[in-house]
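# A closer look at the structure
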Amino acid sequence: KAGVTQTPRYLIKTRGQQVTLSCSPISGHRSVSWYQQTPGQGLQFLFEYFSETQRNKGNFPGRFSGRQFSNSRSEMNVSTLELGDSALYLCASSLEGGVYEQYFGPGTRLTVT
Amino acid sequence: AQSVTQLDSQVPVFEEAPVELRCNYSSSVSVYLFWYVQYPNQGLQLLLKYLSGSTLVKSINGFEAEFNKSQTSFHLRKPSVHISDTAEYFCAGGGQAAGNKLTFGGGTRVLVKP
């Protein structure tokens, strides 16, 4: 089976812009979770989608949003980018989601200038 | 709230020496615990997991971890490391009481020296 894929792998944006990141889960997986990884804050949970519904959400401002399509592919959107949004954004897919084992993609490295 | 603490941010170790990465979690109910490894410029890979049953869990590449409920720990060990084990290791845990989502520790960077 193909693994989790994320596009693009690298992105440079300027403050105030918005960005959309994409994640394709492993075939058959219905859950997609998103994480932000930074040197200072480590890995932080953004949200989880399961069968097109947001099932869980972390403590991030409303500028961070996501959605999941009927084929389980997911997108994450960040509006009004700030310098502090520079991070590695990781997507993970899982058969059942929640606290069960997750399979991570390679991540999208976002740099905000 | 569920929290996961990795006690060492960096662990230098010589090749073929043993290594232990410490992880403590906070929870008074059933938990699921995981160790993930992240190589440079890559995502996280699942190394091993504890869901229930035997408290000692092993990976295919020689790592093992023991779930210790009384000490709320899930330390990762390998008796003899290779250069290729140089990576960052993350402990993660979760349970229904923690909102049914995974919480990650801060990571431990392992540097294997020849």
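See the structure shown above.
Presented here is a report on the structure given in the accompanying data block.

## Describing the pairing of strand β3 (residues 19-24) of chain A
All names here are of chain A. Where strand β1 (residues 5-7) and β3 come together, three bridges link them in antiparallel fashion. Considered in β3, the bridge of Thr5 is made with Ser24. One ladder, built from five bridges, connects β3 with strand β8 (residues 74-78); its direction is antiparallel. By the bridge assignment, Thr20 is partnered in β8 with Asn77.

## A word on the interface of chain A and chain B
On the side of chain B, 18 residues touch chain A, which itself brings 16 residues to the contact. Buried surface at the junction of chain A and chain B, both sides included, amounts to about 1600 Å², of which 58% is carbon and sulfur. Contact with chain B buries surface across chain A, with Leu43, Val99 and Glu101 of chain A losing the most and accounting together for 38% of the total. Counting the contacts that link chain A with chain B gives one salt bridge. Note that Glu101 of chain A is salt-bridged to Lys49 of chain B, the shortest N-O span being 2.1 Å. Class assignment of the residues belonging to the side of chain A that touches chain B gives a composition of nine nonpolar, five polar and two charged.

Quick notes on the rules
Residues numbered from 1 in each chain as written. Chains lettered and ligands numbered in written order. Predicted model: local features only at pLDDT ≥ 70, side-chain atom pairs only at ≥ 80, totals over all residues. Heavy atoms only, no water. Pairing = 2+ DSSP bridges. Helix = DSSP H or I, 4+ residues; strand = E, 2+ residues; numbered from the N terminus. Contact = heavy atoms within 4.5 Å. Buried area = accessible area lost by both parts, 1.4 Å probe. Salt bridge = Lys/Arg side-chain N within 4 Å of Asp/Glu carboxyl O. Nonpolar A, V, L, I, M, F, W, Y, C, P; charged D, E, K, R; others polar.

Keep in mind these values describe shape, not function.
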